[in-house]
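Geometric and topological summary
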Amino acid sequence: MTTRELTCVVCPAGCRMTVTLDDGGAILKIEGNTCSRGKDYATSEVTHPVRTLTSTVTVTAPDGKKMLPVRTDKPIPKEKLFDAMAIIRNTKAASPVRTGDVLIPDFIEPGTNLIACRDA
Amino acid sequence: MIYDVLIIGAGCTGVMTARLLSAKNVKTAVAEARCDVAMGATCANSAIVHAGYDAKPGTLKAKLNVRGNVLMKELCAQLGVEVKNVGSHVVGFGDEDLPKLQELYERGAANGVPGLEIIGRDALRKMEPHVSPEATHSLWAPSAAITCPYGITIAAADNAVTNGVDFFFNFPVVSCARQDGVFTVSDGTKTIRARYVVNCAGVHSAKLAAVLGEHDFPITITPRRGEYFILDKAVGNLANSTLFVCPSDRGKGILVSPTVDGNLIVGPNAYPIEDGDDRATTAEGLAEITAGARRIMPDVPMNMAITSFAGVRATPNIYDFYLKRSEQVPGLIHAVGVESPGFASSPATAEYLVGLLEEAGLTLTDKADYIPTRRPDGNHVQFNRLSEEEKAARCRENPAYGKIVCRCETVTEGDLLDMLDAPIPAVTIDMMKKRLRAGMGRCQGGFCSPRVAVLIAERTGMGLENVTKNGGGSWLVTKRIGEE
Amino acid sequence: MTDKKLIIIGGGPAGLAAAVAAVDRGMDPHDILVLERDSEPGGILNQCIHAGFGLHRFGEELTGPEYSGRYIAMVRERNIPILCNAMALNLTADRRVTFVSPETGYTTLQAEAVILAMGCRERTRGALGTPGTRPSGVYTAGCAQRYVNIEGFMPGHRVVILGSGDIGLIMARRMTLEGAKVLAVCEIMPYSGGLARNIAQCLDDFGIPLKLSHTVTQIHGRDRVEAVTIAAVDEANGRRPIPGTEETIECDTLLLSVGLIPENELTRGAGIDINRATSGADVNQFRETSAPGIYACGNVLHVHDLVDYVSEEAVIAGTAAADRILGKGGSIVKSLPVTAGDGIRYTVPERIDLTADPEDVRIFFRVRDVYKKVQFFIETDGGEVLVKRAKSAAAPGEMESLTLPAEKLKSLIAGDCAGIRVYLKETGGKAQ
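Residues numbered from 1 in each chain as written. Chains lettered and ligands numbered in written order. Predicted model: local features only at pLDDT ≥ 70, side-chain atom pairs only at ≥ 80, totals over all residues. Heavy atoms only, no water.

**Some words on the sheet that holds strand 1 (residues 6–9) of chain C**
All names here are of chain C. Rules: In this scheme, strands are said to pair when DSSP sees at least two bridges between them. Each helix corresponds to a stretch of at least 4 residues labelled H or I by DSSP, and each strand to a stretch of at least 2 residues labelled E; elements are numbered beginning at the N terminus.
Here we have five strands laid out as an open sheet, ordered 5-2-1-9-21, and parallel in their pairing. Of all the strands in the sheet, just strand 5 (82–83) and strand 21 (294–296) have a single pairing partner and so form its edges. Direction of pairing for strand 1 relative to strand 9 (residues 113–116): parallel, over a ladder of four bridges. Among the inter-strand pairings, isoleucine 8 is bridged to a residue of strand 9, identified as isoleucine 115.

**Description of the interface of chain B and chain C**
What counts here: Residues are treated as being in contact if the distance between any of their heavy atoms lies within 4.5 Å. As used here, buried area is the combined drop in accessible area, with a 1.4 Å probe, of two parts when they are placed together. Any carboxyl oxygen of Asp or Glu within 4 Å of a side-chain nitrogen of Lys or Arg constitutes a salt bridge here. Any N or O atom pair separated by 3.5 Å or less is treated as a polar contact, with the protein-specific requirement of one donor-capable and one acceptor-capable atom, and with residues adjacent in sequence counted only for side-chain atom pairs. Polarity classes work like this: nonpolar for Ala, Val, Leu, Ile, Met, Phe, Trp, Tyr, Cys and Pro, charged for Asp, Glu, Lys and Arg, and polar for all others, with Gly in that last group.
Tallying the contact residues gives 49 residues for chain B and 45 residues for chain C. Buried area between chain B and chain C, summed over both chains or domains, comes out near 4000 Å², and the portion from carbon and sulfur atoms is 59%. Looking at the side of chain B facing chain C, the largest losses of area belong to Arg407(B), Trp475(B) and Ile481(B), adding up to 16% of the total buried there. When the shortest N-O distance is used, the salt bridge between Arg442(B) and Glu265(C) registers 3.5 Å. Taken together, chain B and chain C are joined by 18 residue pairs in polar contact (both at pLDDT 80 or more). Only helix 7 (283–296), strand 18 (305–316), helix 9 (388–397) and helix 12 (449–460) of chain B provide two or more residues apiece to the side of chain B that touches chain C. Here the side of chain B that touches chain C is built from residues that sort into 22 nonpolar, 14 polar and 13 charged.

**Focus: the domain arrangement of chain B**
All names here are of chain B. We apply this condition: Residue ranges for the domains trace back to a domain assignment, done automatically or taken from a database.
Domains assigned within chain B are domain 1 (1–81 + 145–220 + 317–379), domain 2 (88–142 + 223–312) and domain 3 (383–466). Of note, the centres of domain 1 and domain 3, computed from C-alpha atoms alone, are 29 Å apart. Tallying the contact residues gives 16 residues for domain 1 and eleven residues for domain 3. Roughly 1100 Å² of surface becomes buried between domain 1 and domain 3 when both sides are summed, with 58% attributable to carbon and sulfur atoms. Contact with domain 3 buries area across many residues of domain 1, yet Asp36, Tyr150 and Arg375 alone supply 44% of it, more than any other trio. Our count for the domain 1 to domain 3 interface comes out at two salt bridges. With its nearest N and O atoms 3.2 Å apart, the salt bridge here joins lysine 434 to aspartate 36. The interface formed by domain 1 and domain 3 includes six residue pairs in polar contact (both at pLDDT 80 or more). It is helix 5 (residues 149–162) that provides the largest number of residues to the side of domain 1 that touches domain 3, a total of six residues. Of the residues contributing to the side of domain 1 that touches domain 3, the split by class is eleven nonpolar, one polar and four charged.

**Comments concerning the interface of chain C and chain A**
Contacts between the two partners involve 29 residues from chain C and, on the opposite side, 26 residues from chain A. Between chain C and chain A lies a buried interface of about 2200 Å² when both sides are counted; carbon and sulfur atoms form 57% of it. Interface area lost by chain C to chain A is led by Glu66(C), Leu177(C) and Arg197(C), which between them contribute 25%. Taken together, chain C and chain A are joined by five salt bridges.

**Regarding the packing of aromatic side chains**
How two aromatic rings sit relative to each other is set out by the distance from centre to centre and by the angle between their planes. Residues and elements named next belong to chain B. Selection criterion: In this scheme Phe, Tyr and Trp rings, the latter by its six-membered ring, pair at centre separations within 6.5 Å, and the angle between planes marks the pair as stacked below 30 degrees, edge-to-face above 60, and tilted otherwise. Only when the NZ atom of a Lys or the CZ atom of an Arg is both within 6 Å of the ring centre and within 35 degrees of the ring normal do we say a charge sits over the ring.
Here the structure, examined in full by the defined rule, presents 14 aromatic pairs over all chains. One aromatic cluster in this structure is built from Tyr3, Phe168 and Phe171. Above the face of the phenylalanine 183 ring, arginine 178 is positioned so that its terminal group lies 5.2 Å from the ring centre. The ring of phenylalanine 93 carries arginine 295 above its face, with NZ or CZ at 4.3 Å from the centroid.

**Structural notes on the packing of helix 5 (residues 166–177) of chain C against helix 6 (residues 196–203) of chain C**
Residues and elements named next belong to chain C. Rules: Note on definitions: angles span 0 to 180 degrees between N-to-C directions of axes, and those axes are lines fitted to C-alpha atoms, for helices only across the stretch in contact. Should an angle fall under 35 degrees it is called roughly parallel, over 145 degrees roughly antiparallel, and 65 to 115 degrees roughly perpendicular, with every other angle called oblique. For a crossing to be left-handed, the near helix must be turned anticlockwise from the far one by less than a right angle; the clockwise case is right-handed.
Running from N to C, helix 5 and helix 6 cross one another at 20 degrees; their axes reach a closest spacing of 8 Å. Between helix 5 and helix 6, the angle falls in the class roughly parallel. Regarding helix 5 and helix 6, the two cross each other, and that crossing is left-handed. From helix 5, Asp166, Leu169, Ile170, Ala172 and Arg173 reach across to helix 6, where they touch Asn198, Ile199, Gln201, Cys202 and Leu203. The class makeup of the residues in the contact of helix 5 with helix 6 is six nonpolar, two polar and two charged.

**Considerations on the domain arrangement of chain C**
Residue and element names in this part refer to chain C. Domain annotation for chain C reports domain 1 (1–121 + 260–329), domain 2 (124–258) and domain 3 (330–432). Across the interface of domain 1 and domain 2, roughly 870 Å² is buried in total on both sides, 51% from carbon and sulfur atoms. Sorting the residues of domain 1 by area buried against domain 2 places Gln47, Ile49 and His50 first, and these three jointly supply 56% of that buried surface. Where domain 1 packs against domain 2, one counts one salt bridge. Residue arginine 197 is joined to glutamate 61 by a salt bridge in which the shortest nitrogen-to-oxygen separation is 2.6 Å. At the junction of domain 1 with domain 2, the criterion picks out four residue pairs in polar contact (both at pLDDT 80 or more). Here the residues of the side of domain 1 that touches domain 2 are counted per class, giving five nonpolar, four polar and two charged.

**Here's the deal with helix 10 (residues 413–420) of chain B**
Counting along an α-helix, one turn takes 3.6 residues, and residues three or four places apart therefore face a common direction. Residue and element names in this part refer to chain B. Cut-off, in case you're wondering: Burial here depends on accessible area, computed with a 1.4 Å probe over protein chains only, as a share of the maximum for the residue type. Under 20% is buried, over 50% is exposed, and the range in between is partly exposed.
Counting buried positions over the eight residues of helix 10 gives seven, a clear majority of the element. Among the residues of helix 10, Glu413, Gly414, Asp415, Leu416, Asp418, Met419 and Leu420 are the ones counted as buried. The inward-facing, buried residues of helix 10 contact strand 21 (404–406), strand 22 (411–412), helix 11 (429–436) and helix 12.

**A few points about the packing of helix 10 of chain B against helix 11 of chain B**
Residue and element names in this part refer to chain B. For the pair helix 10 and helix 11, the least separation of the axes is 11 Å and the interaxial angle reads 110 degrees. Here helix 10 lies roughly perpendicular to helix 11, going by the angle between them. Pair helix 10 / helix 11 crosses with right-handed handedness. Residue-level inspection shows Asp415, Leu416, Met419 and Leu420 of helix 10 in contact with helix 11, the latter providing Met432, Arg435 and Leu436.

**A few points about the pattern of salt bridges**
Counted by the stated rule, this structure contains 58 salt bridges over all chains. The salt bridge involving Glu263(C) is made with Arg407(B); its shortest N-O contact spans 2.9 Å. Remark: Arg407(B) occurs in the loop between strand 21 and strand 22 and Glu263(C) occurs in the loop between strand 20 (260–262) and helix 7 (265–269); the pair is interchain, linking two chains. Ionic pairing is found between Lys410(C) and Asp357(C), a salt bridge with its closest N-O pair at 3.8 Å. In this pair, Lys410(C) is assigned in helix 9 (residues 406–414) and Asp357(C) in the loop between strand 24 (351–355) and strand 25 (361–367), connecting sequence segments 53 residues apart. Among the residues examined, Lys410(C) registers a relative accessible area of 46% and is labelled partly exposed. Ionic contacts of the salt-bridge type, sharing partners, join the residues Asp232(B), Arg407(B), Arg442(B), Arg37(C), Arg121(C), Glu263(C), Glu265(C) and Arg268(C) into one network.

Here it is in structure tokens:
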């Protein structure tokens, strides 16, 4: 039996949680969460941690190059953050772009998209 | 081409000398190791136009300080640089300080300093309500003033360029040869040729003398570092005039003074250092200044410090400035060991050096079309120094003056563009800062420095990755993200 | 340009939300002017590209540009005029606003109400007095954030961060993702000033060490930062560096995330009373300052941990300003100062102005230290407990609040209560 201490990153409350696992890695107990999303986070974190990635891509607009903020519309596997960054770094967008526009469909994971976070 | 005169070092002494020569029918060049004028002691000192009671009578220091005090105020008026005649007090604590104050009074009288007076506790406290209650006397010197030393040096340099002086920046002199009466001075790759050379290299001047061909040069320089704090403008009015502590064996002691921009300056200490370019502050030094400042002004709010810095003085192994024609190299003039009051003296030192050039054989006649202002069209006044009506008019003429870039010091895009277009174009963050105070306020450039950098990059076309804080290797950013 | 009924200084999250609230309260949008100093509205959110905004306000997690984008859209829908590149230069207590912009030039307008929404600035190296040289490469975290997220340039390769404020933590992750090596985050306090979730997802995720009770004691490098010396500090001795614990880290960049200061130069210029604890104006529950008709909200009033609370506060100020202009507000029958008692650093509001028919008042506050279990109290000067609430953990980095119900307030009108106090009692000892 092992325990893991986690800080929930779902909301700014940052609850400290303790997850108890059996020797096979199955979850026996989750304590310290104050909502059900915390429980989901803890489950995901000990089995398959994911993160929402935010970054920027270069967008060419009539008045020159600018940075366009982007994010994944779903969390992606934590271990793939740097793979995702390598793709984002080489991504260029062209104006006009609207908030929510999909820049790269099926980004890293099927069904996950890289989307624009503002108009440009 | 062969210049008539090459000045090495663009501190206040070198620049003031270049400016005087620019009014004459000679061709003058200035070689400066760094990227701007006023990069050494001129940009990091107490910013005081000393009255001239400190130097021993009969010395060059004494003579040039007293004359420099008068000339500096005239020059500031001519070039549109602010100077405030705030006066100074040397504050004594108890009767044991009285003999020293008396000595300074007598020196000042002999040096020709006007208006000196020793005043008592009540008169002092009336003039300076925040001075320590333990202060008992002061030597009041009404002719002492405050200005911005690098501000007037930059203005003088612009004025010199306007009248035909050439500045060579990033030109550290590493070798020199003299043949047929012409010096060829090199930075390792480029050369400048001139008939006369003036060594104004500040803390490096004694070492430069050897490069310029002097053997067994009699002067050595010990760099002495002094640390300072600048306090927020909100407390700039705690001192009405410059307050010195009655001097001890180690320099003039720690002072508290208003600055011409409305801040309070506190410092310096004085410690010998090895490297003349080492301008690091230390925790001990800053603590020492704090303690020293509290002695003269017990309620000085050090928590209102907005920045600290250190300057390096070029202290020679003799008492006086060493301003002389070389005995070994014809056509070479030295301005070595010009420490405090080097700035206050500089307009007079420049006159003296020009005199030495004439003695050495340089013929000087007045230039008919000399322009007495910073630029051919006058002295550009910064937006935040204008009256309300003038501000409104300026914005109507050019909307760029309506766009504030540095919000702490109210510096507009128009002001920045003016400086990019100045006789000496401002192409680094610190050049803009020294000329306009952009980034010198409460937020210390946190807000405006990226904006200033982008403007410089766009207008010069140099790319943001090539904009520096202060020349040399002081890069700001590495590369555009996504471009390897 | 003609005089406006309501001038809002600042077009960031506070100013935009206040403008929207004023219109929603019944004001004609053309009687309003929002002055924004940048070239577009949105304020600092435009460079805060990370997620974590809007959970309270919109029930979903947005990035900064998305959060500000929603408010910009609301302002546009309501046709509220925003003047960009406009910097307010002066404000008087009788609500004359002088500003400058390329479009309008140098202008002074009279307003019936003014809302201060100028935000805050970052504390700098100068304020810390960190000794050493003055090379390039020392940036406030927000300045570095602008270089990376707006200009698209990296401010360095090897980074040490002083201070564990949220922007510093966010930048540790951001620069790591962009290929920089963040070597350490030093925090002079024994606890972090940032949110726990940011320690987890910005530092722990990337193995970046957080060195609590450590500070930077010296900056090295002539042209560019070459190294910094860090040292442990002695909690018992004024957090002075402990000799012998120094460690020199080679790096080219030092980021500072050492606190935010409300930007109240205009406020001070107008002679408005400032609270020493918040560095913002003293306000009543309507966020009205000591100058009648001048309101303040957002980070210019006190530094918030979440933008959601900024928007909430801006609604209060925008609504109250509209009420004043529309002649809706009730007259004040009694004024109660609110003081910060044991364990409380400050409260906002600092006073409650009671009308005959008061509404609920939510009192925001920050605690002084890190606590495990606490009880919060609102008590009258006569010792009557008005509100009491237990909480499992409290830290200075997170804003707390208690709501004073309308009926309790109403009961204070007639009595001899002359002020109320917010305080806490520890019930579970201090946290680690």
